[in-house]
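Results of the structural survey
Okay, here's what each chain looks like letter by letter:
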Amino acid sequence: MSYQIKRVTIIGSGVMGSGIAAHLANAGIPSYILDIVPKELTEDEKKAGLTLKAPQVRNRLALAGIEHVRKGKPALIYSQKDLAYITPGNMEDNLDFISKSDWIIEVVTERLDIKKKVFDQVDKYRKQGSITSSNTSGIKLKDMAEGRSKDFKEHFMITHFFNPVRYMKLLEFIVGDETKQEMVSFMQEFAENVLGKGVVYGKDTPNFIANRVGVFSMLDTMKVMVEDKYGIDEVDAIVGKPMGRPGSAAFGTGDLVGLDTLYHVSNNVYENTPNDEKRDVFKVPEFIEKMVKQGWLGDKSGQGFYKKIKDEKGKKKLVLDYNTMEYKDSQKYKFDSLTMAKNAETPEEKIKILASSDDRAAKFAWKVTKDTLVYAANRIPEIADDIVNIDNAMKWGFNWALGPFETWDAIGLAGSVEKMEKEGIKISDNVKRVLEKGYGRFYLDVKGEKFYFDFKTGTYQPIVRRNNVISLESLKKKGMILKENGSARLIDIGDGVICVEFNSKMNAIDDDLIAMINNGVDMLESRRDIVGMVLGNEGETFSAGANIFLILMAAQNKEWKSLEGAIDGLHNANMRMKYATKPIVAAPFNMALGGGCEVSMHTHKIRAYAELYMGLVEVGVGVIPAGGGTKELYLRALGDNVVKPDPIKAAIHTFETIGMAKVSMSAKEASELYGFLRPTDQITLNKDNLIYDAKQTVLAMVKEGFKPLRPRTDIVVAGREALATLRLGARNLKLGGYISEYDEFVADKLINVIGGGDVAPGTVIDEQRLLDLEKEAFLSLCGEQKTQDRIQYMLMNNKPLRN
């Protein structure tokens, strides 16, 4: 049969249930969220004169879940408008919602008896062929499916989302012997392409993959810490970013997740894995027992491994001394190995440095790393069939830069195994086979195609890439680079489409990158076989903006001609893209700030990743956008109404957006609130698909008969009227203490650009006039000492200076 998911019922409105509903809304999928009916009124309900029969009382828990989504920080939903996709209900009045749904997700408390009662109702009301899944983090699928109908079992699986659902890529699939493979394949495609998730397949074992390995790693870290007398903050200094792990490291992550959750997951493994060779590691340390009993559960309770307080000096972070169970001032630790690891470029280099060094930090890193690597290898085939599922689970579920087996390759398999065996550690036969039958690595890269060592067959197997994923890294290894320089490459991505790939540090906009954009446009205009172009890359961020270090150097050395030439170069490249005769599509993701925002806004269409933090933030360093961003934002705010334009309204929007350095918290916000994206621009939820989707957007524009844009010579500006109105607004902000005197000075320069200069209201100008005003304001601000001080401060502290 063919499957579709047009509507979903979620049973359970807690943190996970409401988070899943929010992310379905992000994907445009309507959902019902159901929970139990309260038995008693709250005091507020009594005061409001409500009874137990009132819908808002009966749906109280579901409504609370929706309110959790509305107020969530960080935001759980891309746009507040999408809350309309979520309908509240309860498990007495609205069981018919189940029969209207294509997918029913159980997200109730982790008790088998309660889950089975829920599935009694689901089996009774669900329609034939509808999909049912549990979000359990540890209860066995076969136990939950016991006693259910044949069709239920055939369409039942575990879909284990990670919290927060919007931000965590991992989705673990656990399927039963009776689960239909056709349905599972559909669910994988839906999860990857519609929800933007990364799917891994685990076994029906306690805590599946990510929590089994991840919680082992956390508890083993605690065990080594206690045995070798390290401090909590000392350990976090080691096992965070220097090891390619999140900045929250081990104990910061524990506070974020909650010690009660960690305690529950640990106990679940301890109680249900009697044959696990490291079972005792899952028995939580005594100090954790004490913390849970005292309610020190982490961020949710205000204190855990860390505690934030305020004293006369301001905010302060304390750390728990697990020996005395008292909080003390946290420290900053310095070790040579950590300094070298932090300065390394790649996660592979970082972990290799730590594994090969010999100071106190490196010794700790080696101990916990080797324990995790050996434990992960011993879990195949118990928790997963292959190393790829385990590596992906740890990267997507715990935000590790490298999975365990990728880590092993990075530190050197043969050398590390020899070292481990000298220390008396037993190495699994699976790992030894990689050394004996393989090439001494878990992964191989052969001409752009990646292979993994399969323990079952003892051979290397290809990692199959989905058809709708384009890997620029793979294409480069296949010889598809057309041009390259120090900051960018021009890559043939097939079907007559080329891609300008950024590869400078933080993908900053510099002369080489601008030159490559021009090379791309040259090729586009001169070759008949090239039909369109994409701007994109596979880094951690699309572009953090201009290289402000180079701007500072030029300003301090008074190289004004050089700086003016750089601005003209960016203007010309952006305008060439905007008026190119063939379609150009930008594919921004994560950070697209300053110049990164500006180059995107000058393309014909944007295909954005849903997680898009886009903005024109230059005022933070005392300048204004100088790549045409002010111009483009004003044009979008002005709109296409040339009969009755409203330049004052457009000027106010542009000033507020740029002057307050507003940044979108999603691609939808970039469109709905700020105008960085147009209504015709498109959004992709899975970043892996982004370059492919951008290419398809180019091809669709070609097929539809792309028509080049005509240069704008009809731009109506507010002139002196805008100058007076906006300057009054800036003065009020200054008087109110919201901005500094220098902020007001910068704002005045910005206002002059937005208003079109000192001209009469309603004056009509062209784009070049706005670009000239931008350049003039930018150069004059660069000559100010306070701007140079701000840039210097930003470079040193990674945050803006208010002076």
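Located above this text is the structure these notes cover.
Report on the accompanying structure. (Residues numbered from 1 in each chain as written. Predicted model: local features only at pLDDT ≥ 70, side-chain atom pairs only at ≥ 80, totals over all residues. Heavy atoms only, no water.)

A closer look at helix α4 (residues 60-71)
Put simply, the rule is: What counts as a helix is a DSSP run of H or I of at least four residues, what counts as a strand is a run of E of at least two, and both are numbered from the N terminus. Take the residue count of a helix, subtract one, and multiply by 1.5 Å to get its expected span. Residue exposure (1.4 Å probe, protein chains only): buried if accessible area is under 20% of the type maximum, exposed if over 50%, otherwise partly exposed. The directions from the helix axis to the C-beta atoms form the arc being described. Only heavy atoms matter for contacts: two residues are in contact if any of them lie within 4.5 Å across the pair.
With 12 residues, α4 extends 16 Å between its outermost C-alpha atoms, agreeing within 8% with the 16 Å of an ideal straight helix rising 1.5 Å per residue. Taken as a whole, α4 has its buried residues at A62, G65, I66 and V69. With its buried residues spanning 95° around the axis, α4 presents them on a single face. Among the structural elements, α1 (15-26), β2 (31-35) and β3 (86-90) are those in contact with the buried residues of α4.

Notes on the sheet that holds strand β13 (residues 449-454)
We count it as follows: In this description, strands pair whenever DSSP reports at least two bridges between them. Every axis corresponds to a line fitted to the C-alpha atoms, with the helix fit spanning only the stretch in contact, and the corresponding angles, defined between N-to-C directions, vary from 0 to 180 degrees.
Read from one edge of the open sheet, three strands run β12-β13-β14, paired in antiparallel fashion. Single-partner strands in this sheet number two, and they are β12 (443-446) and β14 (459-462). In this sheet, adjacent strand axes meet at a mean angle of 35° when their direction is disregarded. As paired elements, β13 and β14 share four bridges and run antiparallel to each other. In the strand pairing of β14, D454 is matched with T459.

Some details on the layout of surface pockets
Let me state the cut-off plainly: The way it works is a 1 Å grid over only the protein atoms, where trapped points that fit a 1.4 Å probe form a cavity and open points with protein on both sides within 12 Å along at least five of seven lines form a pocket, and then any residue with an atom within 4 Å of a point lines it. Grid points are joined across faces, edges and corners, and a volume is the space filled by probe spheres set on the points. Only Asp, Glu, Lys and Arg are considered charged in this grouping, and only Ala, Val, Leu, Ile, Met, Phe, Trp, Tyr, Cys and Pro are considered nonpolar; every other residue, Gly among them, is considered polar.
Each pocket or cavity is described by its volume, and for the second largest pocket that value is around 1600 Å³. In this structure, the second largest pocket is lined by 46 residues; those nearest its centre are V15, M16, N163, P164 and V257. Listed by contribution, the elements that provide at least two residues to the lining of the second largest pocket are α1, β6 (156-161), α10 (210-228), α12 (249-257), α13 (259-272) and α18 (387-398). Partitioning the lining of the second largest pocket into residue classes produces 19 nonpolar, 20 polar and seven charged.

A few points about the packing of α1 against α4
Our working rule: Definitions for this section: a left-handed crossing has its near helix turned counterclockwise from the far helix by less than a right angle. A right-handed crossing has that turn clockwise.
At their nearest, the axes of α1 and α4 sit 9 Å apart, and the two run at 65° to each other. The handedness of the crossing between α1 and α4 comes out as right-handed. When α1 is examined against α4, the residues V15, S18 and A22 are found in contact with a partner set consisting of G65, H68 and V69. Looking at the contact of α1 with α4, its residues break down into three nonpolar, three polar and no charged.

Some thoughts on empty space enclosed by the protein
Overall, the coordinates contain four cavities of 30 Å³ or more when judged by the stated rule. What the largest cavity holds in volume is close to 170 Å³. Taken together, 16 residues make up the lining of the largest cavity; nearest its centre are M218, R245, A249, A250 and W400. Listed by contribution, the elements that provide at least two residues to the lining of the largest cavity are α10, α12 and α17 (360-378). If one sorts the elements of the lining of the largest cavity by residue count, α10 sits on top with four residues. Of the residues in the lining of the largest cavity, the class split is nine nonpolar, six polar and one charged. Roughly 60 Å³ of volume is contained in the second largest cavity. Every residue lining the second largest cavity is listed: M243, G244, R245, P347, I351, W400, A401, L402 and T407.

With respect to the sheet that holds strand β11 (residues 326-329)
The antiparallel open sheet is built from three strands, whose spatial order is β9-β10-β11. Strands at the two margins of the open sheet, each flanked by one partner only, are β9 (306-311) and β11. Within this sheet the neighbouring strands show an average axis-to-axis angle of 45°, counted without direction. Here strand β10 (residues 314-321) runs beside β11; their pairing, made up of four bridges, is antiparallel. Along β11, the bridge assignment pairs L320 with Y327.

A look at a positive patch on the surface
Defined as follows: Note on patches: the residues involved have over 30% relative accessible area and no salt bridge, like charges join within 9 Å, and the nonpolar side chains Val, Leu, Ile, Met, Phe, Trp and Tyr join within 5 Å. All accessible-area figures derive from a Shrake-Rupley calculation using a 1.4 Å probe, and residue coverage is judged against the displayed protein chains alone. The salt bridge definition used is simple: a Lys or Arg side-chain nitrogen within 4 Å of an Asp or Glu carboxyl oxygen. Note on charges: Lys and Arg go in the positive column, Asp and Glu in the negative column, and His and the chain ends are not counted at all. Taken as the charge centre is NZ of Lys, CZ of Arg, CG of Asp or CD of Glu, depending on the residue.
Taken together, K308, K310, K315 and K317 make up a surface patch of like positive charges. Contributing elements (two or more residues each) for the positive patch: β9 and β10.

Considerations on unusual backbone geometry
The omega angle of the peptide bond from K73 to P74 is -5°, so this bond is cis rather than trans. Positive phi, normally seen in glycine, also occurs at N399, with a value near 60°. For N399, the location among the structural elements is in the loop between α18 and α19 (404-411). Take N399: its relative accessible area is 43%, and that puts it in the partly exposed class.

So, the packing of aromatic side chains
Here is the rule we go by: Within 6.5 Å between ring centres, the rings of Phe, Tyr and Trp (the latter by its six-membered ring) count as paired, and their orientation is classed by plane angle as stacked under 30 degrees, edge-to-face over 60, tilted in between. Criterion for a charge above a ring: Arg CZ or Lys NZ at most 6 Å from the ring centre, at most 35 degrees from the ring normal.
Applying the stated criterion across every chain yields a total of 27 aromatic pairs. An aromatic cluster is built from F405, W408, Y439, F442, F453, F455 and Y460, whose rings are joined through pairwise contacts. The ring of W366 carries K419 above its face, with NZ or CZ at 4.1 Å from the centroid.

Some details on the side chain of K370
Filter applied, for reference: What qualifies as a polar contact is a pair of N or O atoms within 3.5 Å, subject to a donor-acceptor requirement within protein and to the restriction that residues adjacent in sequence count only when both atoms come from side chains.
Residue position: K370 is located in helix α17. In this structure the side chain of K370 is engaged in a polar contact, spanning 2.3 Å, whose partner is the side chain of E423. Apart from the residues lying within four places of it in its own chain, the contact partners of K370 are M420, E423 and I425.

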